[in-house]
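Tertiary structure, described
The chain contents come next:
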Amino acid sequence: MQSIKGYQYNTEQKAINAREACDTYYGIPVAPDDVTQNWVDYQFAELNTPQFWYIVFDESLTPILGTPTEFEVVTPLFPPIV
Amino acid sequence: MLFPFSFMQSQTAPLLLDLYPGAAAAYSVRKLRTSYAGSAIRVRRSSDNAEQNIGFSGGNLDTSALTTFCSGTNGFVTTWYDQSGSGVNATQTTAANQPQIVSSGSVITQNSKPILKFNSQFFELNSTLTPATNWSIFGVGLKNVPGKILTFIGGTTDLNSALVSYVDNGIYLLGSTNYITIGDAPVTSYRVNAGFVISGSASSIYRNNVLLSTGSIPASPAQNFSRIGKYGTQYDDSNISEVVLYQSNQLSNNSDINTNINTYYAIY
């Protein structure tokens, strides 16, 4: 379990919309042949119940996505070191 | 440590991949093959998010071109070009996930050599590398903080992911369902020159040219190598300067390759 500060979405489409809003705000991509295609990306909390999508907080996101929240994301355990 | 201008001595041929050819993929802040004519990295600067390729000067990363382009701002690596000739470039299309190489106009360095700083950043390989019977992996890096990792190469899933990774108390060399682990002191205080040979029952882990562990990794694991700086959901907090992968058993060259790396990076 990992505590994450960020933005939580209950559908993938809402996460996609948030990502696109950040791209628009920062003008990404700048040029057609740029490698950079998104300002930020979302992740899938696959092991949580219910599952959800989220964007990890960064100060650059506050003007677009607002105040972040804190939530728990289930992460798998490492195999044991022997 | 930050350096505002070029300061490094030139590398002279033969270079690492001239001496030990046949790498499946090779990423570095130094030139690795004399006949390689491409760039080292592609960089995005924070001032206007413009991008530019940066090449080599005297066999080193062209830090003058890098600082000129970034012009007092931050620089982030969008592409770490594969110097092997295989065209397996490591890219990151999301700005927030691009490792940093320039801070406020100065190249970020360690031991006077440029590093790519991964702090929840990572690269995806533009084509995955399927672990076969024999693999040899060499890397230069530093795990920065407890609770985070240093991943020279990883797969997309958390468990049973093919990977080479340093965690808090040891090292993973994983195939599909089998893996070697070796307990090791936290590597936050020194740089790692890691050599890994995956060759069935005779797989091995080296650090700074010292054999740490041997064990069995099954042939042809299900998971592909596809990332640098992350495996599954596990992010790095690390500095990485070089990753070289061979799809062959380089055990006979292991010591010489590690020595070549150390001659340049002065790790141990």
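Residues numbered from 1 in each chain as written. Chains lettered and ligands numbered in written order. Predicted model: local features only at pLDDT ≥ 70, side-chain atom pairs only at ≥ 80, totals over all residues. Heavy atoms only, no water.

1. A few points about the overall build of chain B
Counting its regular elements, chain B contains 3 helices and 25 strands. Among the 268 residues that make up chain B, the fraction classed as buried is 62%. Contacts in chain B between residues far apart in sequence, at least 24 positions, make up 70% of those at least 6 positions apart. Of the roughly 8,800 Å² of accessible surface on chain B, 48% is carried by carbon and sulfur atoms. (Helix = DSSP H or I, 4+ residues; strand = E, 2+ residues; numbered from the N terminus. Buried < 20%, exposed > 50% of the residue type's maximum accessible area, 1.4 Å probe, protein only. Contact = heavy atoms within 4.5 Å. Areas by Shrake-Rupley, 256 points an atom, 1.4 Å probe, with all protein chains shown as cover.)

2. A few points about the environment of Gln9(B)
Among the structural elements, Gln9(B) can be located in the loop between strand E1 (2-3) and helix H1 (16-19). For the pair Gln9(B) and Gly58(B), spaced 49 residues apart in sequence, the C-alpha separation works out to 7.6 Å.

3. Details of helix H2 (residues 63-70) of chain B
Residue and element names in this part refer to chain B. Regarding H2, the residues found buried are Thr63, Leu66, Thr67, Phe69 and Cys70. Buried residues of H2, viewed axially, fall in a sector of 160 degrees; they line one side. One or two positions beyond H2, positive phi appears at Ser71, with a value near 45 degrees. (Arc of directions from axis to C-beta.)

4. Observations concerning the sheet that holds strand E1 (residues 2-9) of chain A
By way of backbone hydrogen bonds, the strands of a sheet pair with one another, either parallel or antiparallel. Residues and elements named next belong to chain A. Sheet architecture is open: 4 strands sit in the order E2-E3-E1-E4, paired in antiparallel fashion. Edge positions in the open sheet fall to strand E2 (43-45) and strand E4 (69-73), since each of these has one partner strand only. For this sheet, the mean inter-axis angle between neighbouring strands, taken without regard to orientation, is 60 degrees. Pairing geometry for E1 and E4, over 5 bridges, is antiparallel. Paired with Lys5 across the two strands is Glu70, which belongs to E4. Across the face of the sheet, helix H1 (residues 12-26) comes into contact with E1 and strand E3 (52-56) while running at roughly 20 degrees to E3. (Pairing = 2+ DSSP bridges. Axes fitted to C-alpha atoms, helices over the stretch in contact; angles between N-to-C directions.)

5. Observations regarding the confidence of the model for chain B
Overall, the predicted model of chain B reaches an average pLDDT of 85, with 82% of residues at or above 70. Overall fold confidence for the complex sits at a pTM of 0.91, while the interface term, ipTM, reaches 0.90. (pLDDT = per-residue confidence, 0-100.)

6. Considering unusual backbone geometry
Across the chain, the bulk of peptide bonds are trans and the bulk of non-glycine residues have phi less than zero. Ile28(A) connects to Pro29(A) through a cis peptide bond whose omega is 0 degrees. Within the secondary structure layout, Pro29(A) lies in the loop between H1 and E2. Within the chain, Ser104(B) stands out as a residue other than glycine whose phi angle is a positive 45 degrees. As for its position among the elements, Ser104(B) is in the loop between strand E9 (100-103) and strand E10 (106-110). Residue Ser104(B) is classed as exposed on the basis of its relative accessible area, which comes to 54%. Even without being a glycine, Asn208(B) presents a positive backbone phi close to 50 degrees. Relative to the elements of secondary structure, Asn208(B) occurs in the loop between strand E20 (203-207) and strand E21 (210-215).

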